[in-house]
Structures are given as structure tokens and as C-alpha cells.
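Spelled out, the chains give:
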Amino acid sequence: MAETKNILFCGVGGQGILLASEVTSEALIRAGFDVKKSEVHGMAQRGGAVEAHLRYGDRVYSPLIEPGSVDVEVAFELLESLRYLPYLNTSSRVIVNTQRILPPAVATGLESYPDNIVDELKKRGIEVLPVNAFDMAKRLGEVRAVNMILVGVLSGYLPVEEDVFIEVIKERVKKAFVDINIKAFREGRNLKF
Amino acid sequence: MQKNKDLRKIAFLSGNEAFALGASESAVRVASAYPGTPSTEILETLSTYKDIYTEWAPNEKVALEVALGASIAGVRAMASMKHVGLNVAADPLFTASYTGVRGGLVVIVADDPQMHSSQNEQDSRNYAMASKIPMLEPSEPEECRAFIREAFRISEEFDTPVLVRTTTRVSHVKGIVYPERKKKRSVDAGLVKMPEKFVMLPAHARKRRIFIEERLRKLKEFAETFSSNRIEWGDNETGFITSGVSYLYVKEAFPGASVLKLALVYPLPERMIKEFARKVKRLYIVEELDPFIELHVKAMGVKCIGKEIIPSYYELNTAQLKEAVIGEKKEIFPSVNIPLRPPVMCPGCPHRGIFYNLSRLKVFVTGDIGCYTLGALKPLSAMDTCICMGAGIGNALGIEKALGEDALGKVVAVIGDSTFVHSGITPLIDIVYNRGFTTVIILDNRTTAMTGHQPNPATGRTAMGTETVELDIAALCRAIGVKNVVTINPHDIDNTYRVIREEIKRPEPSVIISRAPCALLPEVRKAKRPGYTVIEETCTGCRICLKLGCPAIDWVKIDRDEAKRRGREKQKGYARISAVLCNGCGECEMVCKFDAIVEEGQDGRD
Ligand SMILES: Cc1ncc(C[n+]2csc(CCOP(=O)(O)OP(=O)(O)O)c2C)c(N)n1
């Protein structure tokens, strides 16, 4: 019996979170797991907080992750990694893109962007894997590849062969972007922390 | 870990996609819907199937009437809507219960516990009982597919419309689905005159009324043996009766317990429930929202625990169930206070120009539902009511009738294009007919933006992607009898201000059509306009551009020395425009009194 595992994807609308969670789900299905994925996006089309709950195991019942039981959180934006703190526990692993996207109240000078977010997580005993995915993607010449870099990092912690992910990316990503996405995935997967 | 072996035989679908698949497998011919979260993707997915006629109806009542018409013509038909949509469609629903069907008729209704994107919470199971129509409730995507097949079978076998209830966490969750072969259905499409069945004159209706009782009796019998109503035996200490997504939370929280999972939530299998209750020591009813199953079970004289410990509002979840039933509470990290990311109008949104001016005019705005409801939030803060689709226009007239002349110049109704067609036309007729003087602003952004850009009658496109006759909103308003109908471009801030100010003063009805496409429409995105930029040295830090609430404009703080250097000691900062986010609508340029905002490339730099 494989116990049900929980992956939480979070970030800001427009960062490619849904594709990332989709590729991961598909890969886990091909590896033989039952998978449920639940997407939560607010009313706004752009700029709002986005989260996706992905659960896999032999038989997954609830579509939602219980507070305190995330195995891996993949945060596409720095501040967002902290928003879901109640879902984490001391053995959670947080993969965080260190890119900052300012919330409206910060952008207009009414509130400030918190400092030391990574430390806030670490001091609670959470393992943090910071990734400068935005700069990595820029160097690859495609800023939209941030999501595949993060999937690459995540893949190192999942019971799925690399080839399965590559196969899924080939099928899921638009033809013109397949190569760059595979490259991004591999860069993420090969990162050392 | 064995079941995914043949990947060709499985699909990973959302509940809504699975509903569409189930409908296609059931050989549905006609499907009509009005968009509404969380139901929208059902019809969107269906419209990608080739052999089904799909349409966006102007509202849910029409959608159901179209589906019923198709059923009367002998084909299988479906209507889908969100919970509040069923209020609109309730009129035909209650009488469709009397007529029954020819081709199978299924109505999917999507409830939204927790109000993720709705103005209220409703438990549509109450409609099943009130209209005496059977209702199925799936828990996960594979059941969404399978239950649609069951629903059509039940519909035809028992001569009844069938309701299928879903909730946000069923519709928007993806899971593994096992597609089946399409049903071959001998089509008896055609016109058959059956006045006693379809003409609900009192004399006919009285006969059908008796038929309904007989049908319910048969359905109750059916419920006892229906294989999807099932008992999963575990220990006999605790038993749960549950359905829908709540079943999944129960299984997650109490894997060893006995569970009676109801697929048919109306009518209920009384013998099965009593039998289950007898064999467990403590019986719990777990259901989201109303104590629907619970009241029935209690009425059977069965002892059970339900809403005493389980909330009757918002969504349920596994942790909450564990706490309620066995008092188990997990220590979790408390959340930290960090800046929120509330929904905002997009950069370049055409609604902004209207609400910015309504805010300046300090009028009382009776609003409505759509993306433009965001006009109620800071910094625009220019909406004072929002009740249900179409309500704003009637509300405005009511306010005027209550206050008389005092209201002149002080009240404005706003309504989106899709909402206007949905239910804004009849209240506009009321204004003209009963001699109101309301000003109505119709926000024609060329789409139904809120629910993800569905075409509507005013866009000239159909759900299936074909071109069609475009509803001429201005001509329609004139035909109703509104003499003053003006069309404006909301991005032209100054003209918009002038026009609204003039029209609200008029002691007779007027309609302002604010016409500019949604900034997210593909044609707007592709037509790249030059963006705007702030000349830092010219910006005085007056913050007026921030009052537009545009996400592309942010604020850079400066200290006193820096302010001195700029020669404006009191200046606290300056505005900045993100080149990535700016869509070039130009509204900020118009509101800036210091000419500090210019088209990119015009600031003397490159
Ligand atoms: C009876 C009912 N049906 C559907 C909905 C869901 N819904 C809310 S607003 C809206 C349409 C908004 O479109 P429009 O009026 O064109 O405004 P826009 O979002 O484009 O600004 C819909 C379908 C609802 N709230 N109530």
C-alpha cells in the first residue's frame, strides 16, 4: 500500500502553475499511481493567488490536502511559499522560486514585502530549496520556462523515472516549446542544493 | 497500482470534463447552458464534440426550455448551470417534472459551498424534493461520467427529468476516468402530438400530478436496489451516511468505518438506510450545507448525529471531520500575516474608466454580477449593491420610486453585456413603462469575461464558434422606449465623465453603452498598443493615477533628501508603470494633471 502523498503548487496567476501540476499528474499516472488534482483560482484572471493540490497514492480519496500534511510545496513566487504555512509541517520540503511578484498593496506602497521569507520557513524546521528559476529561465531565453525548471527540481523527489517526465512534456507542451521545456526540466532536475 | 496499465483506456479529467464525456457516451444530441462557475466547463467541453448541438442560452431558464424542447422532439438533451441558475430555471423545472420526457432529459446543477465564486450558498438538493425530480450526486470524476449515463437511463425509464448535483470540489477536481463505448440509441426523433403529456392545462396537469406520486413511489423502490447506492462495511462501531464530495472526506478520515454511500440523494432508499442504521452503533450523517439527508433519516425515526457537530455552511474537509467526530486535532503552524493578492481589474480593463468616473461623481451605484463587480473594491469603491444577475436595474428604479425627485442625479445602474441579455431587459422595460428616470450603463466588453470569455448574443458568435446575428443593444434599448441612448468609449476618461454627468441629470430614462473589448480577448492581446511610462522628474507624486487601481502602476517611495533634490520637499514618492503589464489603454495619461505620463518612447529616453 503506497500511502497518499501531497504536493502543493502555489504562486501567482500567469506563472504556468496549472501546466506544471498537469505534467506532474500525468507522469505520476504513468508511473501507476492514482492521482487527484484540485485547482483553486480566485475570481481574477491575472495576478491573483493560484494553488493546486496534487495527491497521489494507491487510492486517493479527498481532493484536498489536509493542513499540516504537505510533503512537497512548490512555490512559484517567494511570498506565496509563506502563505500556505499551515499546510506544512516540520518534514515538509519547500521548493521555492525566489522571484518576487509584488502584491497590489505592496506595489502601491501601502504595505511592504516581508523580508527573510526563506529564514521564516527554515526556522520552523522546514527544509527549503531556493531556486532562482526566473534568472535560469532568462538565461535559457524563455522566461515562461520557470514552471518546467521547478517541475525538474520536484521530479528528483518523486518515484517517477526521468524518461516518463520527458515523454509527458513532449506530449503536453506546444511543439515549438518542447525543446526549451525539456532543457529547463533537465536544468531543474540536475540542480544541486 | 495495476489499473493504469493501459494508458489508452484511461483519461485524466476534471469532473466537468467527465460530465461532458458521459453525455457524449449517452448520445446526447442537444445541450444548452448559461455559464456560471463551477459549471461552465461542462458545455465548453461538450462544444468540442462534433456530433452534439451545443449552445449558450441567454439565461438558464431558456437553456432548460431548449433542452426540454429537444426532449419533446425525442432526442436526449441536457442543460447545465450553477446553483443560482437553477433559481432562474426553476419555473420550467417544476412543470417539466409534470410533463416528463420523451428523449432523456438531464439537468446538471453545480453548487458552490464556501462561495468561491458566487453571491450565496444554496443546497440544490432541496430543488429535487420540491420539484419531485430524482437527483444523483457523484463524488469524483469517474462517477461524473458514469452517473450521467445512469441519469439518462433513469430519465427514460421513469419518464422524468433527472437532476445531477455537483459542487466546486467535484467539478474542478481532476481524477482518473475510464471511458466507455458510446451507447447506440435507437432514435425516435420526430414530432409526436401528446397534449395530455405536454400541454399543462389544469385538467392535464391534475392527471400528471398523480403520475408524479406513482413515479416517486417507483423511484423509491429503485433506490433500494440501485447498485450505486452502496454499503461499504467496516467496523460496526461507527457508520456514516454520506454522498458527493463528503464521501471522500469520510473515507479519508475514517478508513475503517462502515459507510453508506448514496448516489441517488432523492428519493432516498429507506429500507437500506434503516438496515444500515440497525447494524452500526453510532450513526453519523455527513453532508455539506443543509441537513438534507439528515432530516429525511430523522423523519424515518432513525437516531443519528449530523448538524449537531457538522457545520451547515461552507465546505467540509477531512481535518474538520476528524475533529468533530473523534475530537482529533492536529497541531499546525499558525498562518502568518502577509499581503493579500485580491482579485483586481486587469490592466487595460474597459470597466475601469466607468468606475473611476462613478467614483468621482460620488453617485449611488446599483451594481450587478460580472468582472465589473470588482468596481466595488478599493480604490474605485464605486458600487453600492450587488444582489443577483439583473437586479441592479430594478434596484435603481425602486430607489427612485422610494425617494422621488431627491434621487435624480444620484443613482446609476451598471450591468454587463451578458448580464443585460440574461435578465436586464425586463427591468429596463419596467423603467420606461413606469416612467422612471434611471440612468443605466451597459458595460459592453464584447464578451462574458467573468466566467472565462464565453460568447453571448451581443458578440455575434456562438458556443460552437460560428458567426451569427449580433444583438444590437442600442437598437433594442430604443425599441423598448429609451429615448436617450449613447455609446461611449470608456477609455476616454473625460468624455465618459461628461456623458455620465449629463445623463444622470436628465429626468427621463437613459442608457449609456460603454463599448470597448475586454483586455484579455485574444484580438486585444495581439493588437499590441504602445505602453505608457512615467517621466520620473515630472511626476509630483500626487497619486491620482493610483486611484485608477491599475495593477500596472506601482509606487516608488523616496526619502526627504531625494525629495529635496527633486525640488519638491513634500513629495513622498513617484508612480511607475510596468512595461510588462501595461496594455496601453491610456487612461492614466488622461488623469495625470502634470503630463508626467507619456506613451513609451515619448519620454526623451529610449
Ligand atoms: C443566475 C446566474 N447565472 C450565472 C451566474 C454567473 N455569472 C456571474 S457574472 C456572469 C456574466 C458576466 O458577464 P458580463 O455581464 O458580460 O460581465 P463581464 O464579466 O464581462 O464584465 C455570470 C455568467 C450568476 N452569478 N448567476
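Keep in mind it's a predicted model, so treat the numbers as computed, not measured. (Residues numbered from 1 in each chain as written. Chains lettered and ligands numbered in written order. Predicted model: local features only at pLDDT ≥ 70, side-chain atom pairs only at ≥ 80, totals over all residues. Heavy atoms only, no water.)

Draft legend 1. Highlighting the nonpolar core. Residue and element names in this part refer to chain B. Ranked by internal contacts, the top residues of the largest apolar core, which has 70 residues, are Phe355, Leu358, Val414, Leu428, Val440, Ile441 and Cys477. In this structure, this core is formed jointly by two domains, domain 3 (351–524) and domain 4 (529–599), each of which donates at least three residues. The contacts of Leu358, once residues within four sequence positions are left out, are Val363, Val365, Ala382, Val412, Val414, Ile441 and Ile500. Judged by nonpolar contacts, the second largest core, of 55 residues, contains Ala31, Ile52, Val162 and Ala257. (Core = buried A, V, L, I, M, F, W, Y, C linked by side-chain atoms within 4.5 Å. Buried < 20%, exposed > 50% of the residue type's maximum accessible area, 1.4 Å probe, protein only. Domains from an automatic or database assignment. Contact = heavy atoms within 4.5 Å.)

Draft legend 2. Examining the confidence of the model for chain B more closely. Residues and elements named next belong to chain B. In this model, chain B carries an average pLDDT of 96, and 98% of its residues clear a pLDDT of 70 or more. When the elements of chain B are averaged for pLDDT, helix 21 (residues 522–526) gives the smallest value, 91, and strand 6 (residues 135–136) the largest, 99. Both scores are given for the predicted complex: the pTM is 0.97, the ipTM 0.96. (pLDDT = per-residue confidence, 0-100. Helix = DSSP H or I, 4+ residues; strand = E, 2+ residues; numbered from the N terminus.)

Draft legend 3. The arrangement of the site of the ligand in detail. All names here are of chain B. The environment of the ligand is made up of 26 residues, and the closest members are Glu60, His351, Asp417, Thr419 and Ala449. Contact between the ligand and Asp417: an oxygen atom at 2.5 Å from a side-chain N or O atom of the residue. Ala449 places a polar main-chain atom, nitrogen or oxygen, 2.8 Å from an oxygen atom of the ligand. If you list the elements that add at least two residues to the shell around the ligand, you get helix 4 (83–88) and helix 17 (417–423). No other element matches helix 17, which puts four residues into the shell around the ligand. (Near = heavy atom within 4 Å. Polar contact = N/O pair within 3.5 Å; in protein donor to acceptor, adjacent residues only side chain to side chain.)

Draft legend 4. Fine view of a negative patch on the surface. Judged by side-chain charge, Glu589, Asp595, Glu599 and Glu600 of chain B come together as a negatively charged surface patch. Checked against the element boundaries, Glu600 of chain B lands in the segment after strand 22 (597–599). (Patch = residues over 30% accessible without salt bridge, like charges linked within 9 Å, V, L, I, M, F, W, Y side chains within 5 Å. Areas by Shrake-Rupley, 256 points an atom, 1.4 Å probe, with all protein chains shown as cover. Salt bridge = Lys/Arg side-chain N within 4 Å of Asp/Glu carboxyl O. Lys, Arg positive; Asp, Glu negative; His and termini not counted. Charge placed at Lys NZ, Arg CZ, Asp CG, Glu CD.)

Draft legend 5. Quick look at the pattern of salt bridges. All names here are of chain B. Using the criterion set out here, one finds 64 salt bridges over all chains in the structure. Here Arg153 makes a salt bridge to Glu150, at a shortest N to O gap of 2.8 Å. With Arg153 and Glu150 both in helix 7 (residues 141–158), this residue pair falls three residues apart, about one helical turn. Of the residues examined, Glu150 reaches a relative accessible area of 17% and is grouped as buried. Note that Lys483 is salt-bridged to Glu508, the shortest N-O span being 3.6 Å. In this pair, Lys483 is assigned in the loop between helix 19 (473–480) and strand 17 (484–488) and Glu508 in the loop between helix 20 (493–505) and strand 18 (510–515), connecting sequence segments 25 residues apart. Lys483 sits in the exposed class, given a relative accessible area of 65%.

Draft legend 6. Representation of helix 7 (residues 162–172) of chain A within the structure. Among the residues making up helix 7 of chain A, those that are buried are Val164, Phe165, Ile166, Val168 and Ile169 of chain A. On its buried side, helix 7 of chain A packs onto helix 1 (17–30), helix 6 (146–155) and helix 8 (178–190) of chain A.

Draft legend 7. Structural detail: the sheet that holds strand 12 (residues 264–266) of chain B. Residue and element names in this part refer to chain B. Pairing is mixed in the open sheet, where seven strands are placed in the order 3-2-4-5-7-6-12. Edge positions in the open sheet fall to strand 3 (53–56) and strand 12, since each of these has one partner strand only. Examined bridge by bridge, strand 5 (residues 105–111) and strand 7 (residues 162–167) share six bridges and lie parallel to one another. Across the sheet, residue Asp111 finds its bridge partner in strand 7, namely Thr167. Contacts between helix 7 and the sheet are confined to strand 4 (77–82), strand 5, strand 6 and strand 7, with strand 5 contributing the most and set at about 135° to the helix. (Pairing = 2+ DSSP bridges. Axes fitted to C-alpha atoms, helices over the stretch in contact; angles between N-to-C directions.)

Draft legend 8. Local environment of the environment of Tyr372 of chain B. Residues and elements named next belong to chain B. As for its position among the elements, Tyr372 is in the loop between strand 14 (364–366) and helix 16 (391–403). Residue class for Tyr372 comes out buried when judged on its relative accessible area of 3%. The residues contacting Tyr372, other than those within four sequence positions of it, are Met345, His351, Phe355, Met383, Val414, Ile415, Gly416, Thr419 and Leu443. A distance of 2.8 Å separates a polar atom in the side chain of Tyr372 from the backbone oxygen of Ile369.

Draft legend 9. Region of the structure containing the environment of Leu13 of chain B. All names here are of chain B. By the element assignment, Leu13 lies in strand 1 (residues 11–14). By relative accessible area, Leu13 is classed as buried at 17%. Counting along the chain gives 165 residues from Leu13 to Tyr178, while the straight-line C-alpha distance between them is 9.8 Å.

Draft legend 10. Local environment of the pairing of strand 10 (residues 235–243) of chain B. Residue and element names in this part refer to chain B. One ladder, built from six bridges, connects strand 10 with strand 11 (residues 257–262); its direction is parallel. Within strand 11, the position partnered with Ile241 by the bridge is Leu260. In this region the chain leaves strand 10, passes through helix 11 (residues 244–253) and returns to the parallel neighbour strand 11; the handedness of that crossover is right-handed. Summarising the sheet, strand 10 and strand 13 (residues 282–286) pair through five bridges and their orientation is parallel. Across the sheet, the residue bridging to Ile241 is Ile285, located in strand 13. (Right-handed = clockwise from strand over helix to strand, strands pointing away.)

Draft legend 11. Quick look at the packing of aromatic side chains. Enumeration according to the criterion identifies 11 aromatic pairs over all chains in this entry. On the numbers, 5.1 Å between centres and 75° between planes, the contact of Phe33 of chain A with Tyr56 of chain A is edge-to-face. You can see Phe33 of chain A sitting in the loop between helix 1 and strand 2 (34–41) and its partner Tyr56 of chain A sitting in strand 3 (residues 49–57), a full 23 residues away along the chain. For Tyr56 of chain A, a relative accessible area of 7% puts it in the buried group. Geometrically, the ring pair formed by Phe94 of chain B and Tyr127 of chain B is edge-to-face, given 6.3 Å between the ring centres and 75° between the ring planes. Taken as a pair, Phe94 of chain B in helix 5 (residues 90–99) and Tyr127 of chain B in helix 6 (residues 125–131) lie far apart in primary sequence, 33 residues in all. (Phe/Tyr/Trp six-rings, centres within 6.5 Å; stacked < 30°, edge-to-face > 60°.)

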